There are 2 protein chains.
Amino acid sequence: MSRENPLDPKQEILRTAARLFQQRGYDATSMNDVATALKLSKGGLYHHFQSKDEILFEIMNHAMEITQDRVLTPLRLVADPEERLRTLIRLHIEVVLSPRDREITVMLHENHPLPPSLRKRINTRKKEYIHFVEKLMAEVQEQAQKRERAGGGSPAKPRVSARAAAFALLGMINWIYQWYKPEGDLQAHNLIPQFTDLILRGIFA
Amino acid sequence: MSRENPLDPKQEILRTAARLFQQRGYDATSMNDVATALKLSKGGLYHHFQSKDEILFEIMNHAMEITQDRVLTPLRLVADPEERLRTLIRLHIEVVLSPRDREITVMLHENHPLPPSLRKRINTRKKEYIHFVEKLMAEVQEQAQKRERAGGGSPAKPRVSARAAAFALLGMINWIYQWYKPEGDLQAHNLIPQFTDLILRGIFA
């Protein structure tokens, strides 16, 4: 069963809370405000979440699950490294641009004061994703070098490391929410090929 | 005279307030907290700033002035477009990594609830910078095409538009604060050439 059940009341709470946190600020939004916006009693809200910290943690955790379900899981089916990188760029940009999840995923990037133990759990998942992208960049670079060697060349070491390339790509994609406008010229259909081109040309020696 | 006078009490207030806002959250930090951290009386603080909103606006405004003084102004001396782009990437990364200003510049990116008129003034300055970078990308691409034509070639249209390239670059650089560690392997001396390489190779046809 998908974790994306639209009738799941917990997900509705997270989505509404994420919207309020962004409109009014995290500290300025009370549990009461969240309950009111959802037409829930305060008890009804506390039935699902004990505290605002828990809601914030679950929003961030849900954002990481969305990344798992919609980026990482489909990638398992893509064997070729370069094709896997192209697919990752496309799927990650699609998640970032998804009107349904934008409010959830944006919360990953704001510096909200989460209790250290919860903050650590989110950061661990973020790091796993960064390492996945870094490893994939390295595979794509190695594949290109092998191809060149097979063709009789002696390829130079790539000038952009897999790690710098991973941070560059994640910056490009995760920054989109800062400038994206649903009515603007840059949309998924022209943004995805351009960002893919820029990264793929950039990482080869 | 430089706007970077280290004895300017206003700048000390902005730097301390920025640090508190990041550690505790903007809403959770009171004017009293700011005054206490600076060993100022509340009256002493209000002598310089009327409200927390004013402090937040002045932090963001100061961050834009730092960009003006340390990125845009020195660029006026660089005539060649490609060299100007290389210099911009270096200077902007240096500002982002500057220990002295990191707390100030980071504030530009967080979604704090600034009154609309003040928010608009910051956004106008941000947009001016984006347009400057976009125009520079277009110049670099044109220059490369001219060079190719002069050599007898018929250059293809660049596959990455100046606008997408500008957003990509600003994302790469402005995202650094999310992963940068002063003790990590990636520092200015190896990060600047890698990000420069990635962008320059990426934007040509």
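Not measured: the values here are computed from a predicted model.

**Q** Help me understand the packing of helix 5 (residues 81-97) of chain A against helix 7 (residues 116-150) of chain A, please; the structure alone is not making it clear to me.
**A** When two helices pack together, their arrangement is given by the angle between their axes and by how far apart the axes lie. All names here are of chain A. Orientation of helix 5 relative to helix 7, taken along the N-to-C sense of each, is 140 degrees, at an axis distance of 8 Å. Overall, the two elements helix 5 and helix 7 adopt an arrangement that is oblique. Helix 5 and helix 7 meet at a crossing whose hand is left-handed. Where helix 5 abuts helix 7, its residues Pro81, Glu82, Arg84, Leu85 and Leu88 lie against Val133, Leu136, Glu139, Val140 and Gln143. Considered class by class, the residues forming the contact of helix 5 with helix 7 number six nonpolar, one polar and three charged.

**Q** Teacher, can you tell me more about the interface of chain B and chain A here?
**A** Opposite the 34 residues of chain B that make contact, chain A presents 34 residues. Those elements that provide at least two residues to the side of chain B that touches chain A are helix 1 (9-24), helix 8 (162-174), helix 9 (176-179) and helix 10 (188-203) of chain B. Counting residues per element, the side of chain B that touches chain A draws most heavily on helix 8 of chain B, at nine residues. Of the residues contributing to the side of chain B that touches chain A, the split by class is 16 nonpolar, 11 polar and seven charged.

**Q** Is there a simple way to think about the relation of the copies chain B and chain A in this case?
**A** The two chain copies are connected by a rotation around an axis plus a translation along it. Each copy superposes on the other: chain B lies on chain A with an RMSD of 0.0 Å after a rotation of 180 degrees and an axial shift of 0.0 Å. This pairing of chains is accounted for by a two-fold axis. Taken together, the interface assignments show that 100% of the residues at the interface of chain B recur at the interface of chain A, consistent with an identical surface on both copies.

**Q** Before we go on, may I ask you to explain the confidence of the model for chain A in this structure?
**A** When pLDDT drops low, the exact placement of atoms in the prediction is not to be read closely. Averaged over all residues, the pLDDT of chain A equals 91, while 96% of them reach at least 70. Across the predicted assembly, pTM comes out at 0.92 and ipTM at 0.91.

**Q** Teacher, can you tell me more about unusual backbone geometry here?
**A** Working note: non-glycine residues mostly have negative phi, and peptide bonds are mostly trans. All names here are of chain A. Positive phi is not limited to glycine here, since Lys39 has a value of about 55 degrees. Positionally, Lys39 belongs in the loop between helix 2 (31-37) and helix 3 (42-48). The exposed category is assigned to Lys39, around which 7 C-beta atoms lie within 10 Å.

**Q** I would appreciate a short explanation of the nonpolar core in the present structure.
**A** Counting 54 residues, the largest nonpolar core has Ala165(A), Ala168(A), Leu169(A), Ala165(B), Ala168(B) and Leu169(B) as the members making the most contacts within it. Mapped by element, the contributors of at least two residues to this core are helix 5, helix 7, helix 8 (162-174) and helix 10 (188-203) of chain A together with helix 5 (81-97), helix 7 (116-150), helix 8 and helix 10 of chain B. The contact partners of Ala165(B), leaving out residues within four places of it in the chain, are Leu198(A), Met137(B), Val160(B), Ile199(B), Gly202(B) and Ile203(B).

**Q** Teacher, can you tell me more about helix 10 of chain A here?
**A** Helix length check: helix 10 of chain A (16 residues) gives 22 Å between terminal C-alpha atoms against 22 Å at 1.5 Å per residue, within 8%. Along helix 10 of chain A, the residues classified as buried are Leu191(A), Gln194(A), Phe195(A), Thr196(A), Leu198(A), Ile199(A), Gly202(A) and Ile203(A). Looking at the buried side of helix 10 of chain A, the elements it contacts are helix 5, helix 7 and helix 8 of chain A together with helix 8 and helix 10 of chain B.

**Q** Just checking my understanding: could you explain the packing of helix 10 of chain A against helix 10 of chain B for this structure?
**A** Put simply, helix 10 of chain A and helix 10 of chain B touch, their axes get as near as 7 Å, and they point 120 degrees apart. The orientation of helix 10 of chain A with respect to helix 10 of chain B, classified from their angle, is oblique. The two elements helix 10 of chain A and helix 10 of chain B meet at a crossing, and its hand is right-handed. Contacts between helix 10 of chain A and helix 10 of chain B pair Asp197(A), Leu198(A), Arg201(A) and Gly202(A) from the former with Asp197(B), Leu198(B), Arg201(B) and Gly202(B) from the latter.

**Q** Looking at this model, I keep getting lost on the environment of Ala79(A). Mind explaining?
**A** All names here are of chain A. Looking at the secondary structure, you find Ala79 in the loop between helix 4 (52-75) and helix 5. Assessed through the 7 C-beta atoms surrounding it within 10 Å, Ala79 is described here as exposed. Sequence separation between Ala79 and Ile89 is 10 residues; the distance between their C-alpha atoms is 15 Å.

Procedures and definitions
Residues numbered from 1 in each chain as written. Chains lettered and ligands numbered in written order. Predicted model: local features only at pLDDT ≥ 70, side-chain atom pairs only at ≥ 80, totals over all residues. Axes fitted to C-alpha atoms, helices over the stretch in contact; angles between N-to-C directions. Helix = DSSP H or I, 4+ residues; strand = E, 2+ residues; numbered from the N terminus. Parallel < 35°, antiparallel > 145°, perpendicular 65-115°, else oblique. Left-handed = near helix turned anticlockwise from the far one by under 90°. Contact = placed C-beta atoms within 7 Å. Nonpolar A, V, L, I, M, F, W, Y, C, P; charged D, E, K, R; others polar. Least-squares fit on C-alpha atoms with pLDDT ≥ 70 in both. pLDDT = per-residue confidence, 0-100. Buried ≥ 20, exposed ≤ 12 C-beta atoms within 10 Å, placed from the backbone. Core = buried A, V, L, I, M, F, W, Y, C linked by C-beta atoms within 7 Å. Expected span 1.5 Å × (residues − 1).

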